[in-house]
Amino acid sequence: MYQDFVDFVRATFDDPEGFIILHDPRFIGNERKYIMDAMDSNFVSSVGEYVTKFENAVAQYTGSKYAVAAVNGTSALHICLLLAGVKRDEEVITQPVSFIATCNAVTYTGAHPVFVDVDRHTMGLSPEKLEAFLKANARKDVDGYCYNVRTGRRFAAVVPMHTFGHPCLIEDIAEICQRYNIALIEDAAESIGSLYKGKHTGLYGKLSALSFNGNKVVTTGGGGMILTQDEQLAKLAKHITTTAKVPHRWEYNHDYTAYNYRLTNLAAALGLGQIEQCDFFIEQKRKLTEKYKAFFADKDMTFFTEPENCRSNYWLNAVILKDRTERDAFLTFTNDHGVMTRPIWVLNNRLDMYKGCQCGDLSNAEWLEDRVVNIPSTVIVPHYYENIKKGAYR
Ligand SMILES: *Cc1c(COP(=O)(O)O)cnc(C)c1O
């Protein structure tokens, strides 16, 4: 049965021999032209017109009022948390199902992650579990903020993540955050182009972070973006990602211990060429998803599909196996036969650094951890490598 899958993937990606990886970038638009142009301008660092152009393009694509570029998604998330007012020795509620960057960004602020369960059908933070956790653990103080009855520390933010590009129940989460007066920050690193009720993920939070790492749908090599609908926060984001330098013709005045987090012009040039093709990428990815759906229809595995009211970018396609034994057998067979597959992340609350963190009931996360496997999801461009050799995209 697993052999059928390997054959299907090889046929679909038209690669009879090579190792087929999970997600490769495709550079088939203006990327080369823009990068050469950026080089010719001599602005290769973080000052240059491509950074602003890329920010504007991402703002327009997502429908965000403001977009501020950063060197990667982790640093973008770090800035989101700082600007939301997260401070040392406070707490940030997040999901255990995520790439390590989510927890790391929380830790950079000096705050502590607290883990609340996900939903099985979104793989993102569960509003029901969040509500139950807050009911049991939060107390509103006279200052209007919520504190953890167990630790006395303030719940400074909630950070849901749109897993593999599938939107979580973000509207319900936003409503709960508002009621408990806790800042909502979306880790939208994986979900460019993914919509919840027609609105782009990342537009529900006070601030949110996108990632343009090499394995994401749109890449700048390494890069990220802070989205916000608040002009003041956007200005601050730009300020503290650029060493908080006070503008002056020659004076070096800085008014905050800030960060050197701004994206370079070269990376932004690549990003502009990429974002122009985002709709095409997602169209192709969704076609691939349809093929997977048809393939898995009569198989003993569940293919994961977008939640209701959502359009997912299907960044990484996923299947749900019967149990951990099946999962491991599938992982072993496919990787042995040149098709890369990968289990969902080890739950972050199990990692050494986060073992001591408070957790709610994590039964859904644990269920998913035993069963979810990602399968190859690269945008299909026929004859890509042959075309590159011929210089077709120059
Ligand atoms: C990719 C990713 C990030 C950011 O990663 P960078 O490599 O720093 O761009 C953050 N959170 C999640 C869930 C991610 O998948």
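Residues numbered from 1 in each chain as written. Predicted model: local features only at pLDDT ≥ 70, side-chain atom pairs only at ≥ 80, totals over all residues. Heavy atoms only, no water.

## Thoughts on the overall build of the chain
A tally of helices and strands in the chain yields 13 helices and 16 strands. Taking 21 Å as the expected radius of gyration for a compact globule of 394 residues, we find that the chain reaches 21 Å, a close match to that expectation. For the C-alpha atoms alone, the extent of the chain along its principal axes is close to 65 × 55 × 35 Å. Of all intrachain contacts in the chain linking residues separated by at least 6 positions in sequence, the fraction that spans at least 24 positions is 71%. Positive and negative side-chain charges in the chain, numbering 43 and 48 respectively, have mean positions lying 3 Å apart. (Helix = DSSP H or I, 4+ residues; strand = E, 2+ residues; numbered from the N terminus. Rg over C-alpha atoms; globule rule 2.2 N^0.38 Å. Contact = heavy atoms within 4.5 Å. Lys, Arg positive; Asp, Glu negative; His and termini not counted. Charge placed at Lys NZ, Arg CZ, Asp CG, Glu CD.)

## Re helix α8 (residues 231–240)
Listed in full, the buried residues belonging to α8 are Leu233, Ala234, Ala237, His239 and Ile240. Looking at the packing, one finds that the buried side of α8 touches β1 (66–70), α4 (73–83), β10 (207–211) and β11 (224–228). (Buried < 20%, exposed > 50% of the residue type's maximum accessible area, 1.4 Å probe, protein only.)

## Remarks on empty space enclosed by the protein
As enumerated under the stated definition, the model contains one cavity of 30 Å³ or more in all. In this structure, the largest cavity encloses a volume near 40 Å³. In this structure, the largest cavity is lined by His23, Asp24, Pro25, Arg26, Lys216, Val217, Gln274, Phe281 and Val379. A breakdown of the residues in the lining of the largest cavity according to their chemical character gives four nonpolar, two polar and three charged. (1 Å grid on protein atoms, 1.4 Å probe; cavity = no way out; pocket = protein on both sides within 12 Å on 5 of 7 lines; lining within 4 Å. Points joined across faces, edges and corners; volume = space filled by probe spheres on them. Nonpolar A, V, L, I, M, F, W, Y, C, P; charged D, E, K, R; others polar.)

## Brief notes about a nonpolar patch on the surface
On the surface, a nonpolar cluster with roughly 270 Å² of combined accessible area is contributed by Met36, Met39 and Val44. Residue placement: Val44 occurs in the loop between α2 (31–41) and α3 (49–62). (Patch = residues over 30% accessible without salt bridge, like charges linked within 9 Å, V, L, I, M, F, W, Y side chains within 5 Å. Areas by Shrake-Rupley, 256 points an atom, 1.4 Å probe, with all protein chains shown as cover. Salt bridge = Lys/Arg side-chain N within 4 Å of Asp/Glu carboxyl O.)

## Things to note about α2
At 3.6 residues per turn, the α-helix brings residues three or four places apart onto the same side. For α2, every residue scored as buried is listed here: Glu31, Tyr34 and Ala38. Around the axis of α2, the buried residues are gathered within 75° of arc, so they sit on the same side. Away from its buried face by more than 90 degrees, α2 exposes Lys33 and Asp40. If you follow the buried residues of α2, they end up packed against α3 and α9 (265–275). Just past α2, the residue Asn42 takes up positive phi, approximately 70°. (Arc of directions from axis to C-beta.)

## A short note on the sheet that holds strand β9 (residues 199–200)
Strands sit in the order β9-β8-β13 across an open sheet of three strands; the sheet is antiparallel. The sheet terminates laterally at β9 and β13 (310–311), the two strands that pair on one side only. As paired elements, strand β8 (residues 195–196) and β13 share two bridges and run antiparallel to each other. Bridging from a neighbouring strand, Leu195 pairs with Arg311 of β13. (Pairing = 2+ DSSP bridges.)

## Regarding the pattern of salt bridges
Under the defined criterion, the tally for this structure stands at 20 salt bridges. With its nearest N and O atoms 3.9 Å apart, the salt bridge here joins Arg26 to Asp24. In this structure Arg26 comes out as buried when scored by relative accessible area, which is 11%. Judged by relative accessible area, Asp24 falls into the partly exposed class, the value being 23%. Here Arg139 and Asp141 are joined by a salt bridge, their closest N and O atoms 3.5 Å apart. Asp141 gets classed as partly exposed once you look at its relative accessible area, which sits at 31%. One network of salt bridges, in which partners are shared, links Arg324, Arg350, Glu369 and Asp370.

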